[in-house]
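Here is how the chains run, residue by residue.
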Amino acid sequence: MKSTAYQEQNLGVHVPMVSDRLFLAPSPGTGGSKPTPVTPAAKRLGGQWFGRISGLMFTILCFWSVPGEVVRANQVENRELQIGVVQRFGSKPTDKLILKAVEGDRLYVRFEGGDGTPQTQEVTEMQLEIIMKPLAEPILEERLVLSTHRSFENAEQNADEWRKKGIEVEIAHPGRWQVWAKREVYGTPLLRRLLLQSLQAQGYETAFLDTAILQQKPQPSWVFEGFRYNRDRLEIWARSDRIQVSREKEDRNPILYPGTLRVQPNAYGSFTLVNKVPIEDYLRGVVPHEIGAEAPYPAVEAQAIIARTYVLRNLRRFAIDNYELCANTECQVYKGIGETWDRSDRAIAATAGKVLTYNNELIDALYSSTTGGITAPFQDMWDGADRPYLRAVLDSVGNVWDLSRYSLANEQNFRRFITLDKGFNEEEWDVFRWREVSSLAQMNKNLKDYLQEKQHPQANFQTIQAVEVVERSNAGRAIAVNVTTDQGSVRLVKDEILRAFWAPLSTFFYLERMYGEDKSFKGYVFVGGGFGHGVGLSQSGSHRLAKLGWTSDRILQFYYPGTEIEPVSEEIIFWRDPLATTEEG
């Protein structure tokens with residue numbers, strides 16, 4: 001492996017492979033399991049729970065773990081997704097989940113018994129709690145964090161840069177996106193420290209050790225027929241393929257999930273509740289919550305196509321935790337099927353199996369709430385290869401600005417553009433234009449939190465002295481912001497700007513310095529437009545285009561020039577490893 005060669009050459013050590021170990025709690029008691037009814041869900045489970053774990057691992061491997069790989073449609077035959085609907089369950093000892101069957105149905109809970117054989121329990125409701133299990137001996141939990149990021153896009157690009165250097169890595173999300181030195185390769189404290197020292201000697205400042213000594217560990221627990229059970233892994237399904245999940249007894253917004261549920265360990269010492277769900281059912285819980293239940297029908301169709309494209313393109317995101325996508329804005333908002341709308345259901349059915357492609361490959365189907373009047377090219381927000389179909393598009397059907405003559409990289413042009421508020425697709429939306437005030441105290445706190453999380457050498461600064469946009473793209477996005485503090489300068493680039501400062505709603509802004517009555521520096525006003533990264537389709541803009549009579553095809557061509565709508569087929573490439581040297585079908 002490349003990393004082995006790199007370490008032997010640069011660190012003078014041999015790299016052993018360290019296997020992960022799984023610790024299962026002993027069974028709290030015996031007692032016969034109840035017979036399992038043969039339901040559609042049970043048939044899918046097939047009575048071979050542990051066999052399915054290897055099947056899941058196969059799916060994950062298909063989408064991430066093999067460098068140089070090309071992933072095609074024939075590798076996802078049943079279109080069932082693995083969605084992490086509750087992440088990091090057990091990170092707090094008070095965490096709780098209440099699972100209920102719908103009226104007239106039952107839940108079936110399967111887990112490994114104390115003798116190693118599967119056991120099944122039948123309930124109408126179960127309450128999963130966290131108990132803190134004392135460890136016989138303290139355990140060192142440690143990972144070498146090579147970098148920390150606001151987005152998966154930048155984390156993946158950074159991971160590729162480390163791979164080019166011969167260092168094996170994995171992408172994690174313990175709360176923020178991080179790139180870790182691969183734990184199986186750097187499996188001892190010595191190896192991790194040798195690598196860190198080598199990187200620091202070469203001038204890399206982003207790497208650090210995240211170390212904790214554990215005296216206890218969390219474990220999911222529930223009570224059944226007077227016995228308490230503690231297990232790291234369990235499966236839950238119902239006859240109806242419907243399970244309601246709440247965070248507490250009086251939860252006013254329980255979520256109804258289709259398919260089956262699984263509790264499993266993650267890479268952070270806690271657990272994930274994973275929903276195994278067919279993609280078209282999944283979309284019923286995504287489309288109306290992303291585009292809005294009352295959106296014009298062509299906009300809903302467009303959202304259905306790009307949501308389907310997005311999920312199939314991004315199945316590798318949570319490979320480290322053995323599932324594929326999350327259920328929040330880090331991926332796509334997914335709220336189950338408790339609230340569905342006829343309009344979105346019709347749009348999903350009408351576009352079933354349709355995806356958006358460019359040169360026979362699924363596009364990076366990024367979209368945002370509001371662009372501010374012009375969409376951002378991919379490289380305005382993230383590092384990595386250009387996406388030709390993600391370019392600057394004036395979000396207007398009129399001729400409100402000539403970008404070829406008046407580049408928004410020019411500060412005067414940009415400020416003049418921000419004063420325009422008519423003639424745009426998004427002009428009726430509140431976040432099309434905005435002014436956000438941020439006090440110096442708030443900005444100091446935001447920047448300190450950001451730098452401390454990255455373990456930056458200037459994290460202990462006292463106060464910000466100045467903030468300046470020093471580079472702007474042709475489409476007007478702030479590419480680089482220089483922050484001067486009493487300890488020196490910090491350069492914030494692209495989407496990291498939004499991670500360091502909470503006031504701006506996008507990177508489409510300029511700054512006005514604020515002064516008090518005594519003429520002392522008080523902070524900044526961020527003046528800008530749009531909400532979110534601004535790349536690809538504007539959801540608010542698509543509303544207006546649909547009202548103007550545009551079809552979903554035309555809307556998608558407007559925001560993703562040069563793309564095609566196609567049915568999923570074996571000829572389409574889902575995702576291509578940028579370091580691939582040969583194509584593997």
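Quick caveat, the model's predicted, so the values are computed rather than measured.

> Explain the overall build of the protein chain to me, and be specific about the residues and the numbers.
Each helix and strand counted, the protein chain has 15 helices and 28 strands in total. Within the protein chain, buried positions represent 54% of all 585 residues. A separation of at least 24 residues holds for 71% of the contacts in the protein chain among residues at least 6 apart in sequence.

> Tell me about the sheet that holds strand β23 (residues 488-493), residues and numbers included.
An order of β21-β22-β23 is seen for the three strands of this open sheet, with the pairing classed as antiparallel. Looking along the sheet, the strands with just one partner apiece sit at the ends: β21 (464-472) and β23. Shown here is a sheet whose adjacent strand axes are inclined to one another by a mean of 20°, direction ignored. When strand β22 (residues 478-485) meets β23, the two strands line up antiparallel, connected through six bridges.

> Break down the packing of aromatic side chains for me, citing the residues and quoting the values.
Inspection of the entire model under this criterion finds 25 aromatic pairs. A network of ring pairs unites the aromatic residues Trp-401, Tyr-406, Phe-414, Phe-417, Phe-424, Phe-432, Phe-508 and Tyr-510 as a single cluster. A cation over an aromatic ring shows up here: Arg-513 above the ring of Phe-521, its NZ or CZ 3.7 Å from the ring centre. The lysine or arginine in question, Arg-554, covers the ring of Trp-550, its NZ or CZ lying 3.8 Å from the ring centre.

> Kindly report on the pattern of salt bridges, identifying the contributing residues and their values.
Going through the model one piece at a time under the given rule, you end up with 29 salt bridges. In this structure, Glu-142 and Arg-193 form a salt bridge, with 2.8 Å as the shortest nitrogen-oxygen distance. Of the two residues, Glu-142 sits in strand β6 (residues 125-149) while Arg-193 sits in helix α5 (residues 189-201), which places them 51 residues apart along the sequence. We note a salt bridge from Glu-411 to Arg-472, for which the minimum N-O separation is 3.0 Å. Here the residue Glu-411 occupies a position in helix α11 (residues 411-419), and Arg-472 occupies one in strand β21, the gap between them amounting to 61 residues.

> Provide a residue-level description of the packing of helix α8 (residues 297-313) against helix α15 (residues 552-559), including the pertinent values.
Two elements in contact, α8 and α15, have axes separated by 8 Å at closest approach and are oriented at 60°. Between α8 and α15, the crossing angle belongs to the class labelled oblique. In this structure, α8 meets α15 at a crossing whose hand is right-handed. Taking contact as the criterion, the partners of Pro-298, Ala-299, Glu-301, Ala-302, Ile-305 and Ile-306 in α8 are, on α15, Ser-552, Ile-555 and Leu-556. Considering only residue class, the contact of α8 with α15 consists of seven nonpolar, one polar and one charged.

> Account for helix α14 (residues 539-547), with residues named and values stated.
Across the nine residues that make up α14, a large majority, seven, are buried. Within the span of α14, buried status applies to Gln-539, Ser-540, Gly-541, Ser-542, His-543, Leu-545 and Ala-546. Those residues of α14 that are buried are in contact with α7 (287-291), α8, β19 (367-368), β26 (537-538) and α15. Positive phi shows up at Gly-549, right after α14, with a value of about 100°.

> Describe the nonpolar core, and please don't skip the residues or the numbers.
One finds Leu-99, Leu-146, Ile-236, Tyr-282 and Tyr-560 to be the most contacted residues of the largest nonpolar core, which totals 103 residues. For this core, the element with the most residues is α8, which contributes ten residues. Counting 25 residues, the second largest nonpolar core, distinct from the first, contains Met-443, Val-490, Leu-492 and Phe-501.

> Explain the sheet that holds strand β24 (residues 509-515) residue by residue, including any values.
Strand order across the open sheet formed by three strands is β20-β25-β24, with antiparallel pairing between neighbours. On the outer flanks of this sheet lie β20 (434-439) and β24, each paired with one strand and no other. Neighbour to neighbour, the strand axes of the sheet diverge by 25° on average, direction disregarded. Note: β24 against strand β25 (residues 521-528), seven bridges, orientation antiparallel. Following the sheet pairing, Tyr-510 is matched in β25 by Val-527. Running over the sheet, α11 touches β24 and β25 and is turned about 90° from β24.

> Tell me about the state of the cysteines, and please be specific about residues and values.
All chains considered together, the criterion is met by one disulfide. Paired through a disulfide, Cys-326 and Cys-331 show a sulfur-sulfur distance of 2.4 Å. Handedness of the Cys-326-Cys-331 disulfide follows from its S-S torsion of about 115°: it is right-handed. The pair formed by Cys-326 and Cys-331 is uniform in burial state, with each residue classed as buried.

Calculation criteria
- Residues numbered from 1 in each chain as written.
- Predicted model: local features only at pLDDT ≥ 70, side-chain atom pairs only at ≥ 80, totals over all residues.
- Heavy atoms only, no water.
- Helix = DSSP H or I, 4+ residues; strand = E, 2+ residues; numbered from the N terminus.
- Buried < 20%, exposed > 50% of the residue type's maximum accessible area, 1.4 Å probe, protein only.
- Contact = heavy atoms within 4.5 Å.
- Pairing = 2+ DSSP bridges.
- Axes fitted to C-alpha atoms, helices over the stretch in contact; angles between N-to-C directions.
- Phe/Tyr/Trp six-rings, centres within 6.5 Å; stacked < 30°, edge-to-face > 60°.
- Lys NZ or Arg CZ within 6 Å of the ring centre and 35° of its normal.
- Salt bridge = Lys/Arg side-chain N within 4 Å of Asp/Glu carboxyl O.
- Parallel < 35°, antiparallel > 145°, perpendicular 65-115°, else oblique.
- Left-handed = near helix turned anticlockwise from the far one by under 90°.
- Nonpolar A, V, L, I, M, F, W, Y, C, P; charged D, E, K, R; others polar.
- Core = buried A, V, L, I, M, F, W, Y, C linked by side-chain atoms within 4.5 Å.
- Disulfide = S-S within 2.5 Å.

Keep in mind these values describe shape, not function.
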